[in-house]
Number of protein chains: 4
Amino acid sequence: MEQTATLLVSCPDRKGLVAALAQLLYGHGANILDADQHTDPVAGQFFQRIKFDMSELHTDRRSLETAISEVAERFSMSWRIADGRHRCRTAIFVSKYDHCLYDLLLRQRARELSTDFPMIISNHEDLRPVAEQFGVPFHYLPITKQTKRAQEDAALDLLRANNVDLLVLARYMQILTDDFLNAYAGQVINIHHSFLPAFMGSKPYHRAFERGVKLIGATAHYATAELDEGPIIEQDVVRCSHRDSVQDLVRKGRDLEKVVLARAVRWHLDDRILVYDNKTVVFN
Amino acid sequence: MEQTATLLVSCPDRKGLVAALAQLLYGHGANILDADQHTDPVAGQFFQRIKFDMSELHTDRRSLETAISEVAERFSMSWRIADGRHRCRTAIFVSKYDHCLYDLLLRQRARELSTDFPMIISNHEDLRPVAEQFGVPFHYLPITKQTKRAQEDAALDLLRANNVDLLVLARYMQILTDDFLNAYAGQVINIHHSFLPAFMGSKPYHRAFERGVKLIGATAHYATAELDEGPIIEQDVVRCSHRDSVQDLVRKGRDLEKVVLARAVRWHLDDRILVYDNKTVVFN
Amino acid sequence: MEQTATLLVSCPDRKGLVAALAQLLYGHGANILDADQHTDPVAGQFFQRIKFDMSELHTDRRSLETAISEVAERFSMSWRIADGRHRCRTAIFVSKYDHCLYDLLLRQRARELSTDFPMIISNHEDLRPVAEQFGVPFHYLPITKQTKRAQEDAALDLLRANNVDLLVLARYMQILTDDFLNAYAGQVINIHHSFLPAFMGSKPYHRAFERGVKLIGATAHYATAELDEGPIIEQDVVRCSHRDSVQDLVRKGRDLEKVVLARAVRWHLDDRILVYDNKTVVFN
Amino acid sequence: MEQTATLLVSCPDRKGLVAALAQLLYGHGANILDADQHTDPVAGQFFQRIKFDMSELHTDRRSLETAISEVAERFSMSWRIADGRHRCRTAIFVSKYDHCLYDLLLRQRARELSTDFPMIISNHEDLRPVAEQFGVPFHYLPITKQTKRAQEDAALDLLRANNVDLLVLARYMQILTDDFLNAYAGQVINIHHSFLPAFMGSKPYHRAFERGVKLIGATAHYATAELDEGPIIEQDVVRCSHRDSVQDLVRKGRDLEKVVLARAVRWHLDDRILVYDNKTVVFN
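Residues numbered from 1 in each chain as written. Chains lettered and ligands numbered in written order. Predicted model: local features only at pLDDT ≥ 70, side-chain atom pairs only at ≥ 80, totals over all residues. Heavy atoms only, no water.

Chemist: Would you mind showing me how to read the interface of chain A and chain B here?
Modeler: When the parts of a complex come together, some accessible area is lost, and that lost area is often taken as the interface size. The partner chain B presents 36 residues to the 36 residues of chain A that form the contact. Three residues stand out in chain A for area buried against chain B, namely Arg211, Lys214 and His242 of chain A, and they jointly supply 24% of the buried area on that side. The tally of links between chain A and chain B comes to 8 salt bridges. The shortest N-O distance in the salt bridge between glutamate 234 of chain B and arginine 239 of chain A comes to 3.1 Å. (Contact = heavy atoms within 4.5 Å. Buried area = accessible area lost by both parts, 1.4 Å probe. Salt bridge = Lys/Arg side-chain N within 4 Å of Asp/Glu carboxyl O.)

Structure below.
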């Protein structure tokens, strides 16, 4: 039985960091499978991702964590361990567009995404049949101006009751409040149907058409209180021309949105992303 | 001897346009080599590019133009004919960066760009040796706040005296006045070292680094009075990551700038570009 | 009500071709919406696609076709008219992989593909539930070495009984006989899970892994008797590295296969493809 | 003054590898700036690249190397240290095409390539003026069938006399003998003007045109005795269509060849490439 874990670390850069962690893991019988490291010389910040095998640990997991926390304190590290046996629980938020939803559900079924989907939450009923096709509970939580806060509270209750770790906004056409986002800081991935920072806000394909751009893009990012300004995880573009109508751009955009969102979600689930200074380090 | 010409036409869309032009050319003995057409259904505008062989013309070139102008009047067409025997004369404007300059000079020598370079104009002396290597006259026209207008006038004199048809701003680090640009409307190509409309203005690579984008881009456009807002001709991007320093972005950007600018210049020289509504139709 | 048609023409290049067709259409009251043309100077061959509006035809459709056939004879043209009101009927052939099947079904539902799917044919039962989700009749036609010919005959009966115009091999893991392919020449689109002509044949991802390539690709082509050698419609690639296992390559390949196949099918349905000399002209 | 070095290691995968090397470096006062690692689970092989700062070494460089060789023996490691102060000496081999040559010379001057060019070797006189422009000694070594071996010997003499570390075949239109290549195993980078393994051999653009491919590519690889079969370092593609003549493909190919070759050379110079099983691990 595979028994891997991933250690993610960030701290001010200092001599001996790599040796201290490698030595510690070796000393406990952990076998490093994959290690990736980055130093931002401008910010003077060190980042590391270490994936290791725990199947021949000399001690127990708890002793290992205690040892790590001691080293972490010495080097002022932020750190977390993701246990390979813990399967992340992801809630998908949708409105009426189905392309990202289908894409996520199919990828999960094809084992591209190692997560469970305990629920789909929507402010519309439209996509309930899709949820049912895939056997995922569908929660219809409508919104009016008056009920926005109550709707979010209902969503939070559902998320907590189901131990959800990750929220994916798969073209969820609602702006979440700061309070909601703060409750899941760094755990909400959004797909912005445009190349950020160009065309922030709504109707980017119409604006791209009007501006006559030759490429359109999509951006996956962590959602934060500043709308469309959260740390960017992944971006991609596709070529367009004068022959493309707004509808063509929308169609091309849909294909982009799917793959860009899927990449971001997969990297998050594989614990490949570290956030700092409103940017990401993606060890992929 | 090859004797081709290219007819570029735009007008409100109407029935019989294609037939009228095709019939006219056929009637005069012109053989259509390549025809490309586009109708913008939103703007209700028709665009066509017809490249034809004039070597077996029944009449002379002048009769042909008269006939075209008659049809053009009937359909309210804007039109122009580019004679394949006329070799476009291009002035390159530079400051201190040499990568786009070298690229253009080498492509011209490799016969990728069917143009002559009668002059290079610069506000700095730095690139004179490059001009000399390639045997292109180099004009040093320095600028101070006080002399900006006089410098532009000197440039205009040089351009006119040398019958220049096209101006390429190959990382020319000066903002041209409206008067100057109006004198060569639709004949000035600029390379913007960023993906427009993201990061308009200066230091886009620094801003891309700070924002943590995963792609950087470059945009070639016709320069107009609204800085960075002229019709976009071509754009492209390259992938970047947290491992790229600002210097890496600059290096990747240089490669992009070269190819994006070269494509735009080639399409212009091949009379493939039509402008309308601050956008381009590029028949490529 | 929209009433468009598309005329596709190829013939030896000659003067007056464009004028003759444009004049003919105009004379019958057809309004050209989009015209694209290509001359292969090496092969001396002319190709044109004309999309036109028939809603104000002075004559009937039959007179128009008679007139076209007369012009066609004069210029030795191959030609066909595709009526915009005729909705193409497409059969999807699958085995066990579901990604291309889902992709086609979802795109058709999103109105990206203007076709109907009267049937899915498979040599395995596995994908029946997908067919049922989308309400498409599923025909299970198993194959053994002994029954191959009989199975193909059964498929042909189904195709003919349902007036199928196009066959899409959406990762159908069977080699079709020449007789079968000849019955639907130019009407069978296959997705080859590799960049052709590299890695022809089976297990291309394993071979790409062994060879250490830095890009993997996919190719959509018309299926012909020469396996993997039919006219290429579209190709694309995705970047890979030493970090990608064979499984990663397969995953990346799946995403490619979907988009490359979808593009090819859409261009076919929009009558954008002409075939000659085992190559394609794609007017897109 | 910067004083960095890069340690490249490969060996059978085993527990404690990362810790042993990190501990050793730390113990000698070396500060790890960048570490990248890869384990090929199929081959059971471990690879690591460690860039470190030696400016505060407690011991001297020689003691460090002795310590590394002891660890290396324990783990059966292949290893080498590249001293950041050693500037690689690169010989460029050309024939008549100048685009890759210009590209390398310009990038070096722009400090993109940290190498010196002590010589350009050619079997033709054509590019001598380019060499002179950039002040690089040019050696004309013509070849006939009879003199091939003697020509290679003359080249080897020049390379050795100038302590050349790397040979770049920048469209050198000659096949090198096995003896020559063995003398510089893993130190000869070639640009193949095609996407390998498709279209191996000569005239790939003609064959791509005939086959009607929709993408053309270029491949940079280490030259080995098996022509076109050496370890691939980098590949890229560019889109083409029926509108591209062979000449257009050649032009597009030239742009590709330049960037693909430049990337491969830069990665080699930065000691980012490890070779095994006729494949490369590129830590970029």
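Chemist: Help me understand helix H5 (residues 148–161) of chain D, please; the structure alone is not making it clear to me.
Modeler: Given 3.6 residues per turn, any residue in an α-helix points the same way as the ones three and four places further on. Residue and element names in this part refer to chain D. With 14 residues, H5 ought to run about 20 Å at 1.5 Å a step, and its terminal C-alpha atoms sit 20 Å apart, in line with that. Burial in H5 covers these residues: Gln151, Glu152, Ala155, Leu156, Leu158 and Leu159. Looking down the long axis of H5, one finds its buried residues gathered within 160° of arc, a one-sided arrangement. Facing away from the buried surface of H5 by more than 90 degrees, the exposed residues are Asp157 and Ala161. Residues of H5 that are buried sit in contact with strand E5 (88–94), strand E6 (115–122), strand E7 (138–140), strand E8 (166–169) and helix H6 (178–183). Positive backbone phi, approximately 50°, marks asparagine 163, located one or two places after H5. (Helix = DSSP H or I, 4+ residues; strand = E, 2+ residues; numbered from the N terminus. Expected span 1.5 Å × (residues − 1). Buried < 20%, exposed > 50% of the residue type's maximum accessible area, 1.4 Å probe, protein only. Arc of directions from axis to C-beta.)

Chemist: Any chance you could explain the interface of chain B and chain D here in plain terms?
Modeler: Taken residue by residue, the interface counts 20 residues in chain B and 20 residues in chain D. Summing both sides of the interface, chain B and chain D together bury roughly 1,600 Å²; the carbon and sulfur share of this comes to 36%. At the boundary of chain B with chain D, the tally comes to 10 salt bridges. Aspartate 34 of chain D serves as the salt-bridge partner of arginine 243 of chain B, at 3.6 Å between the closest nitrogen and oxygen. A total of 6 residues in the side of chain B that touches chain D trace back to one element, the largest contributor, which is helix H8 (residues 246–269) of chain B. Here the side of chain B that touches chain D is built from residues that sort into 5 nonpolar, 2 polar and 13 charged. (Nonpolar A, V, L, I, M, F, W, Y, C, P; charged D, E, K, R; others polar.)

Chemist: In this structure, what is going on with helix H1 (residues 17–27) of chain B? I would like to understand it.
Modeler: When you tally the buried positions in H1 of chain B, you get 8 out of 11 residues, the bulk of the element. Along H1 of chain B, the residues that are buried comprise Leu17, Val18, Ala19, Ala20, Leu21, Ala22, Leu24 and Leu25 of chain B. Those residues of H1 of chain B that are buried are in contact with strand E1 (4–12), strand E2 (31–40), strand E3 (45–53) and helix H2 (61–75) of chain B together with helix H1 (17–27) and strand E2 (31–40) of chain C. Phi for glycine 29 of chain B, located one or two positions after H1 of chain B, is positive at around 85°.

Chemist: Sorry, what's going on with the relation of the copies chain B and chain D here?
Modeler: For the pair of chain copies, the relating transformation is a rotation about an axis with a translation along it. The transform that puts chain B on chain D rotates by 180° and translates by 0.0 Å along the axis, for an RMSD of 0.0 Å. In the structure described here, the two chain copies are related by an operation that fits a two-fold rotation axis. By C-alpha distance to the rotation axis, the residue of chain B lying nearest is glutamine 133 of chain B, at 3.7 Å. Comparing interface residues between copies, 100% of those in chain B also sit at the interface in chain D, which points to an isologous, same-surface contact. (Least-squares fit on C-alpha atoms with pLDDT ≥ 70 in both.)

Chemist: Is there a simple way to explain the sheet that holds strand E11 (residues 232–239) of chain C in this structure?
Modeler: In a beta sheet, neighbouring strands pair by backbone hydrogen bonds and run either parallel or antiparallel. All names here are of chain C. Strand order in the open sheet formed by 7 strands is E7-E6-E5-E8-E9-E10-E11, and the pairing between neighbours is mixed. Each end of this open sheet is capped by a strand with a single partner; those strands are strand E7 (138–140) and E11. Averaged over all adjacent pairs, the angle separating strand axes in this sheet is 20°, with direction ignored. Pairing analysis gives 6 bridges linking strand E5 (residues 88–94) to strand E6 (residues 115–122), with the strands arranged parallel. Each bridged residue has a counterpart across the sheet, and for valine 94 the counterpart in E6 is serine 122. The strands touched by helix H3 (residues 99–109) within the sheet are E5, E6, strand E8 (166–169) and strand E9 (188–192), with E6 carrying the most contacts at an inclination of about 160°. (Pairing = 2+ DSSP bridges. Axes fitted to C-alpha atoms, helices over the stretch in contact; angles between N-to-C directions.)

Chemist: Where do I start with the pairing of strand E9 (residues 188–192) of chain B in this structure?
Modeler: Each regular strand displays side chains that alternate between the two surfaces of the sheet. Residues and elements named next belong to chain B. Burial analysis of E9 places 5 of its 5 residues in the buried class, the great majority of the element. Burial along E9 is two-sided: the face carrying Val188, Asn190 and His192 and the face carrying Ile189 and Ile191 are both buried. Here strand E8 (residues 166–169) pairs with E9 via 3 bridges, running parallel. The residue of E9 that forms the bridge with valine 168 is isoleucine 189. The handedness of the E8 to E9 crossover, carried by helix H6 (residues 178–183), is right-handed. Direction of pairing for E9 relative to strand E10 (residues 215–222): antiparallel, over a ladder of 4 bridges. Among the inter-strand pairings, isoleucine 191 is bridged to a residue of E10, identified as alanine 220. (Right-handed = clockwise from strand over helix to strand, strands pointing away.)

Chemist: What is the right way to look at the packing of aromatic side chains in this model?
Modeler: To describe a pair of aromatic rings, one takes the distance between the centres and the angle between the planes. Under the definition given, this model contains 22 aromatic pairs over all chains. For the ring pair phenylalanine 47 of chain B and tyrosine 276 of chain B, a centre distance of 4.4 Å and an interplane angle of 50° mean the geometry is tilted. Of the two residues, phenylalanine 47 of chain B sits in strand E3 while tyrosine 276 of chain B sits in strand E12 (residues 273–276), which places them 229 residues apart along the sequence. Clustering of aromatic rings is evident, with ring pairs tying together Tyr102 and Phe134 of chain A together with Tyr102 and Phe134 of chain C. One residue, lysine 279 of chain C, lies across the ring of phenylalanine 209 of chain D, its end atom 3.8 Å from the ring centre. (Phe/Tyr/Trp six-rings, centres within 6.5 Å; stacked < 30°, edge-to-face > 60°. Lys NZ or Arg CZ within 6 Å of the ring centre and 35° of its normal.)

Chemist: In this structure, what is going on with the side chain of lysine 279 of chain C? I would like to understand it.
Modeler: Tracing the sequence through the fold places lysine 279 of chain C in strand E13 (residues 279–282). Comment: no salt bridge for buried lysine 279 of chain C; closest opposite-charge side chain is aspartate 40 of chain C, at 4.4 Å. Residues within four places of lysine 279 of chain C in sequence aside, it is in contact with Asp40, Pro231 and Leu274 of chain C together with Phe209, Glu210, Arg211 and Gly212 of chain D. (Lys, Arg positive; Asp, Glu negative; His and termini not counted.)

Chemist: Which parts of the structure should I look at to understand empty space enclosed by the protein?
Modeler: Think of a ball as big as a water molecule: rolled over the atoms, this probe shows where empty space is left. On inspection of all chains with the given rule, the structure shows 15 cavities of 30 Å³ or more. Its volume calculated, the largest cavity comes out at about 140 Å³. In terms of lining residues, the largest cavity is bounded by 14 residues, among which Phe209, Gly212, Ser241 and His242 of chain C together with Lys279 of chain D are the most central. Going through the elements one at a time, helix H7 (204–211) of chain C together with strand E13 (279–282) of chain D are the ones with two or more residues in the lining of the largest cavity. (1 Å grid on protein atoms, 1.4 Å probe; cavity = no way out; pocket = protein on both sides within 12 Å on 5 of 7 lines; lining within 4 Å. Points joined across faces, edges and corners; volume = space filled by probe spheres on them.)

Chemist: Which parts of the structure should I look at to understand the sheet that holds strand E11 (residues 232–239) of chain A?
Modeler: All names here are of chain A. The mixed open sheet is built from 7 strands, whose spatial order is E7-E6-E5-E8-E9-E10-E11. Strands at the two margins of the open sheet, each flanked by one partner only, are strand E7 (138–140) and E11. Along the sheet, successive strands turn relative to each other by an average axial angle of 20°, direction set aside. One ladder, built from 7 bridges, connects strand E10 (residues 215–222) with E11; its direction is antiparallel. Residue pairing across strands places isoleucine 216 opposite valine 238, the latter belonging to E11. Here helix H3 (residues 99–109) sits on the sheet and contacts strand E5 (88–94), strand E6 (115–122), strand E8 (166–169) and strand E9 (188–192); the angle it forms with E6, its principal contact strand, is near 160°.

Chemist: How should the packing of helix H1 (residues 17–27) of chain D against helix H2 (residues 61–75) of chain D be read in this particular structure?
Modeler: Helix-helix packing is described using two parameters, namely the angle between the two axes and the distance between the axes. All names here are of chain D. Interhelical geometry of H1 versus H2 gives an angle of 170° and a closest axis separation of 10 Å. Considering the angle they form, H1 stands roughly antiparallel to H2. Considering only the axes of H1 and H2, their crossing is right-handed. Contact residues: H1 offers Leu17, Ala20, Leu21, Leu24 and Leu25, while H2 offers Leu64, Ala67, Ile68, Val71 and Phe75. For the contact of H1 with H2, the residue count by class is 10 nonpolar, no polar and no charged. (Parallel < 35°, antiparallel > 145°, perpendicular 65-115°, else oblique. Left-handed = near helix turned anticlockwise from the far one by under 90°.)

Chemist: How do you make sense of the pairing of E5 of chain D when you look at a structure like this?
Modeler: Residues and elements named next belong to chain D. Summarising burial for E5: 6 of the 7 residues are buried, a large majority. Chirality of the crossover, the property in question, places the unit of E5, helix H3 (residues 99–109) and E6 among those that are right-handed. In this sheet, E8 lies alongside E5 in parallel orientation, the contact comprising 4 bridges. Residue pairing in the sheet places threonine 90 in a bridge with leucine 166 of E8.

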